[in-house]
Amino acid sequence: MTLDHLERLKCLKRGISGINLDPLQRGGILTPEARDALMEWGDGYSVCDFCNGEIDRIRNPPIEDFVHGLLPEFLGIDEVRITHGAREGMYAAMHALCRPGDVVVVDGNAHYTAILAAERAGLEVEYVPASGSPHYKVNPAGYAEAFQRVKDRGGRIGMALLTYPDGNYGNIVDPREVSAFCHEEEVPFLLNGAYSVGRMPLNAGDLGVDIIVGSGHKSMASSGPIGVLGARGSYAKRIFAKSALKKNKEVELLGCTVRGAGLITMMASFPHVVERVGRWDEEVRKARALCSAFEGLGIVPQGDRPHSHDLIFFEAEVLYEISKKAKKGRYFLYRDLKARGICGIKAGLTRRFKLSTYMLKDNEIEAVIDAFADIIESHQG
Ligand SMILES: *Cc1c(COP(=O)(O)O)cnc(C)c1O
């Protein structure tokens, strides 16, 4: 790093840009408690002062209570460990439970990281296709058909995975039909809750889920990289199996995962996270309010109707038409939103983009709607 580089790490004015609509970022905004903890626990292996060899058993700071008490209760599952993110959780579960060459059956809207996790674990992927535009729906009955296709070609099914909701359209598929089917087939069922754990009420036990992953930096107000991995019964035993060579070390986690500030931020934000999950109805109401106002402007929500998540994908021919004539072309939307204190939609996108309303206040939702209306009018006037 040169001096110039170091200067460029300062004064980035993050946090004063007004309203940030980036779906990746809204649920990861730290609580004031977590922000303080970040400073106090920022040194390397800061949590390890009183470790006896098992990070999840550290009592001071109270990691043991968190990992073995609060999180399993919160997720409704037997055993939980901290990971570096949702993807690392998916990989650990696949690697522990599947044999190379097995097939993972995934929904057609699955995140790329689920596919990479399978690839890294030496597994093949079979999709349950999603319907096309505009709803991109995944039918739970599609899992039975996908299982049959794999069996017909002599394949072995190692796991089924559902993305809940998916990261593109915010679509929610009821996991219960899939989990019931997987249990009949004796195939472990993993729910990818990167966009739900820490946002929506969710109980893995009630949903029949065997393995659940969440993302701390995406949905649990944590400074990443961090995630959670929960598992049930015998699956937990296999995923969190101890080393034969190194006492008390869990192989799939390489002994320990997040070993510093990130973990403390998750713990510091946890009371807030539990509380905000209880207010999920409010989030759905705000998302729907924005959907209907945008639709009136010709910016059309895709995916589930009515929509039941703060992550929303839009198609906007009206903005695309403007981009053909506007100064700076397709960058007009980014520029015009920025001028109104709004960021988080990727620069250059106009026709198809996603945003999140998560944790925005009602007056901020209104400001976003007004800004889009104003931008459209200013270009058409
Ligand atoms: C963001 C995202 C991930 C990746 O989460 P990490 O915690 O960064 O690994 C996985 N799945 C979905 C659906 C996501 O949206």
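Before reading on, note that the structure itself is shown above.
**Student:** Describe the layout of surface pockets, and please don't skip the residues or the numbers.
**Tutor:** Approximately 270 Å³ is the volume attributed to the second largest pocket. Taken together, Thr-83, His-84, Glu-88, Tyr-91, Ala-92, Arg-120, Val-251, Glu-252, Leu-253, Leu-254, Cys-256 and Thr-257 make up the lining of the second largest pocket. The biggest single contributor to the lining of the second largest pocket is helix α5 (residues 86-97), with three residues. For the lining of the second largest pocket, the residue count by class is six nonpolar, three polar and three charged.

**Student:** Before we move on, could you go through the site of the ligand and cite the residues and values that matter?
**Tutor:** Taken together, the neighbourhood of the ligand is formed by 13 residues, with Ala-86, Arg-87, Asn-192, Ser-215 and Lys-218 sitting nearest. Taking Arg-87, its side chain carries an N or O atom lying 2.7 Å from an oxygen atom of the ligand. In this structure, Asn-192 approaches the ligand through a side-chain N or O atom, which is 2.9 Å from a nitrogen atom. Elements that contribute at least two residues to the shell around the ligand include exactly α5 and α10 (216-219). Grouping the constituent residues of the shell around the ligand by class yields three nonpolar, eight polar and two charged.

**Student:** I'd like a rundown of unusual backbone geometry, residues and numbers included.
**Tutor:** Note that the residue after Ser-133, namely Pro-134, is joined by a cis bond; omega there is 0°. Its place among the elements puts Pro-134 in the loop between β4 (124-128) and α7 (142-152). Positioned with a positive phi, Leu-254 is a non-glycine residue whose angle comes to about 55°. Checked against the element boundaries, Leu-254 lands in the loop between α11 (233-239) and α12 (261-277).

**Student:** Got a sec to walk through the packing of α5 against helix α6 (residues 112-120)? Specific residues and values, please.
**Tutor:** Two elements in contact, α5 and α6, have axes whose closest approach is 9 Å; the angle formed by their N-to-C orientations is 35°. Two packed elements cross with a definite hand, and for α5 against α6 that hand is right-handed. Residues Arg-87, Met-90, Tyr-91 and Met-94 of α5 form the contact with α6, whose participating residues are Tyr-112, Thr-113, Ala-114, Ala-117, Ala-118 and Arg-120. Of the residues that constitute the contact of α5 with α6, the class distribution is seven nonpolar, one polar and two charged.

**Student:** Requested: an account of helix α14 (residues 317-325), with residues and values cited.
**Tutor:** Buried residues of α14: Val-318, Leu-319, Ile-322 and Ser-323, and no others. In a view along the axis of α14, the buried residues occupy a sector of 140°, so they form one face of it. The exposed residues of α14 that point more than 90 degrees off its buried face are Lys-324 and Lys-325.

**Student:** Requested: an account of the packing of aromatic side chains, with residues and values cited.
**Tutor:** Any aromatic ring pair is given by two values, namely how distant the centres are and how the planes are angled relative to each other. Per the counting criterion, the structure on display carries ten aromatic pairs. With centroids separated by 5.2 Å and ring planes inclined at 80°, the aromatic side chains of Phe-74 and Phe-270 adopt a geometry described as edge-to-face. Placement of the pair is Phe-74 in helix α4 (residues 63-75) and Phe-270 in helix α12, with a sequence separation of 196 residues. Per residue, the accessibility class of Phe-74 equals that of Phe-270, and both read buried. A ring pair is formed by Phe-294 and Phe-314, whose centres lie 5.0 Å apart and whose planes are at 50°; its orientation type is tilted. Separated by 20 residues along the polypeptide, Phe-294 in helix α13 (residues 280-296) and Phe-314 in strand β10 (residues 311-315) bring together distant segments of the chain. When sorted by exposure, Phe-294 lands in the same class as Phe-314, which is buried. Taking the ring centre of Tyr-358 as reference, the NZ or CZ of Arg-199 above it sits at 4.4 Å.

**Student:** An account of the pattern of salt bridges is requested, with residue identities and associated values reported.
**Tutor:** All chains considered together, the criterion is met by 25 salt bridges. Of the charged contacts, one joins Glu-282 and Arg-285 as a salt bridge, the two residues approaching to 2.9 Å between their closest N and O atoms. With Glu-282 and Arg-285 both in helix α13, this residue pair falls three residues apart, about one helical turn. Judged by its relative accessible area of 37%, Arg-285 falls in the partly exposed class. In this structure, Arg-351 and Glu-317 form a salt bridge, with 3.0 Å as the shortest nitrogen-oxygen distance. Residue Arg-351 is found in the loop between β11 (342-343) and β12 (352-356), and its partner Glu-317 is found in helix α14; the two are separated by 34 residues along the sequence. When its relative accessible area of 38% is taken as the criterion, Glu-317 is described as partly exposed. One salt-bridge network, in which partners are shared between bridges, spans Asp-56, Arg-57, Arg-59, Glu-64, Glu-79, Arg-81 and Glu-250.

The rules behind each value
Residues numbered from 1 in each chain as written. Predicted model: local features only at pLDDT ≥ 70, side-chain atom pairs only at ≥ 80, totals over all residues. Heavy atoms only, no water. 1 Å grid on protein atoms, 1.4 Å probe; cavity = no way out; pocket = protein on both sides within 12 Å on 5 of 7 lines; lining within 4 Å. Points joined across faces, edges and corners; volume = space filled by probe spheres on them. Helix = DSSP H or I, 4+ residues; strand = E, 2+ residues; numbered from the N terminus. Nonpolar A, V, L, I, M, F, W, Y, C, P; charged D, E, K, R; others polar. Near = heavy atom within 4 Å. Polar contact = N/O pair within 3.5 Å; in protein donor to acceptor, adjacent residues only side chain to side chain. Axes fitted to C-alpha atoms, helices over the stretch in contact; angles between N-to-C directions. Left-handed = near helix turned anticlockwise from the far one by under 90°. Contact = heavy atoms within 4.5 Å. Buried < 20%, exposed > 50% of the residue type's maximum accessible area, 1.4 Å probe, protein only. Arc of directions from axis to C-beta. Phe/Tyr/Trp six-rings, centres within 6.5 Å; stacked < 30°, edge-to-face > 60°. Lys NZ or Arg CZ within 6 Å of the ring centre and 35° of its normal. Salt bridge = Lys/Arg side-chain N within 4 Å of Asp/Glu carboxyl O.

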